[in-house]
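Take a look at the letters that make up each chain.
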Amino acid sequence: MDLDVEQMETKWEQIWKKEPGHINFDNITGKRLFSIDTPPPTVSGSLHMGHAYSYPHQDIIARYKRMRGFRVFYPFGFDNNGLATERFVEKELKINTSKMELNDVLEACKRVSGEAIEKMKVFFRRAGLSADLDNAYTTYSKESWKIAQSMFLDLYSSGRAYREYGMTVKCTTCRTAISQIEMEDSQRETDFVYLKFQSEDGREIIIATTRPEMLSACVAIAVNPEDERIKEMQNVRFKIPLYGEEVPLISDSRVIKDKGTGAEMICTFGDQNDYEIWKEHNLQLKNIIDDHGRIHDSGILDGMKIDEARKKIKDILKEKGYEVKREKITHSVNTHERCGTPIEIGVSQQWYLKYLDLKDELIEQGRKIRWYPDFMRIRYENWITGLKWDWCISRQRFLGIPIPVFYCNSCNSVVIPPKERLPIDPRFENDLRCDKCDSTDLTPERDVLDTWFTSSISPTIAMNHANLKEHYPMSARFQGHDIITTWAFTTIYRSLVHYNHIPWNEIIISGNVFDSKGEKMSKSKGNVVYPEEIISKYGADATRLWAVSSSIYEDINLKDQELVRGKRTVVKIYNAIKLVSSLPEGGDRTIYKLPFNRWMRGALDKTIEKVQNAYDSFDISKARLEIDNLFWQNFCDNYLEMIKYYSQNGTEDQKNEIGRCAREFAAAIMKMYAPIIPFITEEAYSMLGMRESVHSEGWPEIKGGFEEDYEKFGAVLEIIEGIRKERSRLKSARETYKGFTVERKKIPDELDRDIIKRTLREDNIAFKESEFEKIEVLK
């Protein structure tokens, strides 16, 4: 009967769901704790192939550590807090949250995200994850609220959290302030427009800009202090093209002399440079871009979106003669990583966390952690070195953990609630008194905390949820390289400022998934593949084998060949175990008389050691490769072929030894495979008549003492492989043959010669002593 992979995997999924004893943390006893800081997937829509790729990595290590005798804490969470989930709900329900009552928004988010989480659980179970999905936490639960708000109050009391009116990076699509950690560089093609500004007396200065739509926000023209023009036109004022207002010419060392014309239009605000020059020179403030990305210039662009305004004003500037020339350029633009919208800079009052003063300490903390691979630590350090602003943690959205703060209208004090009142939502619970003047006239803070504020304390949330606070820090964090500057960095920072400790001992970095051609998947390209479809077609085990087909640190392409190969491995295991399970049971467990049993035991011992070392260093692809080689080449191609004759025609002692050894070897191989492919190994273990789950078993032991047998039997294998190659060559050439002559310096003994003939099913093989080792074909 052929193996129905989907039926087999579904069967074990249902059994594990009813009887989760082998993965239940409370049921596992062990002296050593291994805890995993699992990345809580964002509740923002469909799962993608990155989930099918990276989440098995942590599960494989969790399963391996259990077999090694660890008490494994493998929690699971869902990030249903913040902007990503709110936007998902807007899209799902086709609503505009800005036009809804707050309560209605929160209820909609709770309902839709709750339904999405249940669907995500179905997928992760189907993918074979042994995490504690039944007791999963969410980042927006009241429990998480309380922890996050309590830690915010700790930061506020220590002076690390502060509120300030200053530069704000904002996303006009998401209509909120964001932080530097949420920005990413994007290469965009645009026009570099050269414009002439004229003074009242006819003097002229040319500036080059990529943002002519910001003209009405121009407050100065700046040149480098070494520029001769500042001496010639120091007190000259220039009129803004189209708008007519006059602005001064100033000098500032931040202006790059050889960029464009060496003269910059200072607007409020085109970029960070504009902000810094504006602040230092105490220039006028003109806010022309609103939170929705519309320009308000009381003139030609009023009410227009930024891109639309840019196109229109370029046409007008050219028509009116202000444009000198226009160049096509590709430049780097800061965008919001959530939606890809170019960021805007403004000034507003926001909450921040201070961390620029901790750069050296943060680099030092990173060096205390073991990074896999180590070079990923350099990316972390480079990020810290390049930090320019403190972390803006306030967001102008509805869904998010509320900032637990009130403002006294009587004495202008900041009022914080006592911790026993947490969790609290100031937007609904405004019944406090000012602790300075006893006034009840308080204005609640309406902003919410940045999603990363909560995600950055995932070790604390997970361990508090399981009453394991005393076991901080956690053992390991698994995450993608694309969020080193967000999740890894903020978690290390939070652990430093709250506990003066690292959050975990090790961090394992994974790559991204691309399509078969190495291109990023996107709906616009039509190359998106959903993990549910892949698992349905090939099976969860085959998908997991694909996930470890190359180093987990590298980006990976989704190739059908690798998935087909994985499914073929699953079917091969089933057929091999079906053969082994048909062999007689019994025999002395200490006897290994037959040379192929002694050789196979030696090969098994060597592989167990290699695989163990690979798993211990999180080199899962190497572990898989070593097991594959043992299973396909040694066990299937050679060992099972060798025992077929003797299991039927040997003595009773030989039959019993073969049956017992074949089961022993098969069980050990299944144990090594079990962390990677949990379904078929459980099926195989059951087929072998084992009462326990393979996932409840210990790691296979190394017997030892078979090294010499392993090396000696290599000569037999060389001969078998040599004759196989000759037969393959003869078959391809359509040539006939009568037999083979094997010339060796030392002829194999009688039993080995018999094994060679029986394995190859070739009676006419002659053996001859010779100085030259070769195989001749008898025709």
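Fair warning: this is a prediction, and the values are worked out from it, not measured in the lab.

Helix and strand counts for the protein come out as 23 helices and 28 strands. Considering only contacts within the protein whose residues lie at least 6 apart along the sequence, 78% involve residues at least 24 apart. As displayed, the protein has an accessible area near 34,900 Å², and 44% of this comes from carbon and sulfur atoms. Counting 115 positive and 124 negative side-chain charges, the protein places the centres of these two groups 3 Å from one another.

So, about the nonpolar core. Membership of the largest hydrophobic core comes to 188 residues, with the highest contact counts inside it found for Phe124, Phe152, Phe596, Tyr615, Phe635, Tyr639 and Ile669. Looking at this core, the element that brings in the most residues is helix H18 (residues 620-649), giving twelve residues. Look past the residues within four positions of Ile669 in its chain and what remains in contact with it is Met600, Leu604, Ile627, Leu630, Phe631 and Phe635. Listed in part, the 30 residues of the second largest apolar core include Met214, Cys218, Ile230 and Ile306.

Strand order in this open sheet of five strands is E2-E1-E22-E23-E15, and the pairing throughout is parallel. Looking at the sheet topology across the chains shown, the edges are occupied by strand E2 (70-73) and strand E15 (370-372). When strand polarity is set aside, the average angle formed by the axes of neighbouring strands in this sheet is 20°. Sheet topology note: the strand E1 (residues 32-37)/E2 ladder contains four bridges and is parallel. Among the inter-strand pairings, Phe34 is bridged to a residue of E2, identified as Val72. Against the sheet, helix H13 (residues 484-499) contacts E1, E15, strand E22 (474-480) and strand E23 (504-510), and its axis sits at roughly 160° relative to E22.

Glancing now at the packing of aromatic side chains. Inspection of the entire model under this criterion finds 40 aromatic pairs. Ring centres 5.6 Å apart and planes at 65° place the aromatic pair Phe192 and Tyr194 in the edge-to-face group. Residues Phe192 and Tyr194 agree in their burial class; the two are buried. Between the aromatic rings of Tyr737 and Phe740, the centroid separation amounts to 4.9 Å while the plane-to-plane angle is 45°, which identifies the pairing as tilted. Every member of this aromatic cluster is reached through a ring pair, and the members are Phe596, Phe631, Trp632, Phe635, Tyr639, Tyr645, Tyr646, Phe665 and Tyr673. When the ring centre of Trp487 is taken as origin, the NZ or CZ atom of Arg477, which lies over that ring, is 3.1 Å away.

Take the side chain of Thr451 next. Position of Thr451 among the secondary structure elements: in helix H11 (residues 451-455). In contact with Thr451, other than residues within four places in its own chain, are Asp79, Asn81, Gly82, Leu83 and Arg338.

Backbone-to-backbone hydrogen bonds join strands into a sheet, with any given pair of strands oriented parallel or antiparallel. Here we have three strands laid out as an open sheet, ordered E27-E26-E28, and mixed in their pairing. Each end of this open sheet is capped by a strand with a single partner; those strands are strand E27 (765-769) and strand E28 (774-778). Direction aside, the axes of adjacent strands within the sheet are offset by 20° on average. As judged from the five bridges shared by strand E26 (residues 739-744) and E28, these two strands associate in the antiparallel manner. Among the inter-strand pairings, Phe740 is bridged to a residue of E28, identified as Val777.

A word on the packing of helix H19 (residues 652-673) against helix H20 (residues 678-687). Where H19 meets H20, the closest approach of the two axes is 9 Å, and the angle between their N-to-C directions is 160°. Judged on the interaxial angle alone, H20 and H19 are roughly antiparallel. With respect to the hand of their crossing, H19 and H20 are arranged in left-handed fashion. Along its contact with H19, which presents Ala667, Met670, Lys671 and Tyr673, the element H20 presents Thr681, Ala684 and Tyr685. Taken together, the residues of the contact of H19 with H20 sort by class into five nonpolar, one polar and one charged.

Turning to helix H23 (residues 750-760), its buried residues are Asp752, Ile755, Ile756, Thr759 and Leu760. Seen end-on, H23 carries its buried residues on one side only, within an arc spanning 110°. Buried residues in H23 make contact with helix H17 (595-616), H18, helix H22 (714-732) and E27. Phi turns positive, to about 55°, at Arg761, one or two residues after H23.

Moving on to the pairing of strand E11 (residues 246-251). In this structure, strand E9 (residues 218-223) lies alongside E11, joined through three bridges in parallel fashion. Residue pairing across strands places Ile221 opposite Leu249, the latter belonging to E11. Sheet topology places strand E10 (residues 237-239) next to E11; three bridges connect them, and they run antiparallel. Paired with Lys239 across the bridge in E11 is Glu246.

The omega angle of the peptide bond from Thr268 to Phe269 is -5°, so this bond is cis rather than trans. Position of Phe269 relative to the elements: it lies in the loop between strand E12 (263-267) and helix H7 (272-280). Cis geometry marks the peptide bond from Leu422 to Pro423, where omega comes out at 0°. Mapped onto the elements, Pro423 comes out in the loop between strand E19 (414-415) and strand E20 (442-444). Positioned with a positive phi, Lys94 is a non-glycine residue whose angle comes to about 55°. One can find Lys94 in the loop between helix H3 (83-93) and helix H4 (102-126). Of note in the backbone geometry, Arg761 takes a positive phi value of approximately 55° without being a glycine. With relative accessibility at 57%, the residue Arg761 sits in the exposed group.

With that out of the way, let us pick up the environment of Gly260. With respect to the secondary-structure elements, Gly260 resides in the loop between E11 and E12. A residue is classified by how much of its surface remains accessible, and Gly260, at 37% relative accessible area, is partly exposed. Sequence spacing of Gly260 and Thr172 is 88 residues, and the spatial spacing of their C-alpha atoms is 28 Å. Setting aside anything within four residues of it in sequence, one finds Gly260 in contact with Phe192, Tyr194 and Ala208.

Scoring rules and cut-offs
- Residue numbers restart at each chain and count upward from 1, following the sequence in its written direction.
- The predicted nature of this model means local features are confined to residues of pLDDT at least 70 and side-chain atom pairs, given and counted, to a pLDDT of 80 or more, with totals for whole chains, interfaces and linings taken over all residues.
- Side-chain numbers come from the whole structure's heavy atoms, not from hydrogens or water.
- Numbered from the N terminus, helices here are DSSP runs of H or I no shorter than four residues, and strands are runs of E no shorter than two.
- The criterion used for residue contact is that any of the two residues' heavy atoms lie within 4.5 Å.
- For the area figures, the Shrake-Rupley method with a 1.4 Å probe applies, and any residue is considered shielded solely by the protein chains shown.
- Counted as positive: Lys and Arg. Counted as negative: Asp and Glu, with His and the chain ends omitted from the count.
- The atoms used to mark charge sites are NZ of Lys, CZ of Arg, CG of Asp and CD of Glu.
- Think of a nonpolar core as a cluster: buried Ala, Val, Leu, Ile, Met, Phe, Trp, Tyr and Cys residues, connected wherever their side-chain atoms sit within 4.5 Å.
- Residue exposure (1.4 Å probe, protein chains only): buried if accessible area is under 20% of the type maximum, exposed if over 50%, otherwise partly exposed.
- By this definition, two strands are paired if DSSP reports at least two bridges between them.
- Geometry is summarised by axes, namely lines fitted to C-alpha atoms with helices restricted to the contacting stretch, and by angles between N-to-C directions that run from 0 to 180 degrees.
- Classification of ring pairs rests on two measures: the distance between centres of Phe, Tyr or Trp rings, Trp counted by its six-membered ring, which must be within 6.5 Å, and the angle between planes, read as stacked under 30 degrees, edge-to-face over 60 and tilted in between.
- Charge-over-ring placement is defined geometrically: NZ (Lys) or CZ (Arg) within 6 Å of the ring centre, and within 35 degrees of the ring normal.
- An angle below 35 degrees is treated as roughly parallel, one above 145 as roughly antiparallel, one from 65 to 115 as roughly perpendicular, and anything else as oblique.
- Helix crossings are classified by the rotation of the near helix relative to the far one: an anticlockwise turn of less than a right angle makes the crossing left-handed, while a clockwise turn makes it right-handed.
- Residue polarity is assigned by list, with Asp, Glu, Lys and Arg as charged and Ala, Val, Leu, Ile, Met, Phe, Trp, Tyr, Cys and Pro as nonpolar; anything else, Gly included, falls into the polar class.
- The directions considered for the arc are those from the helix axis to the C-beta atoms.

Geometry only, nothing functional implied.
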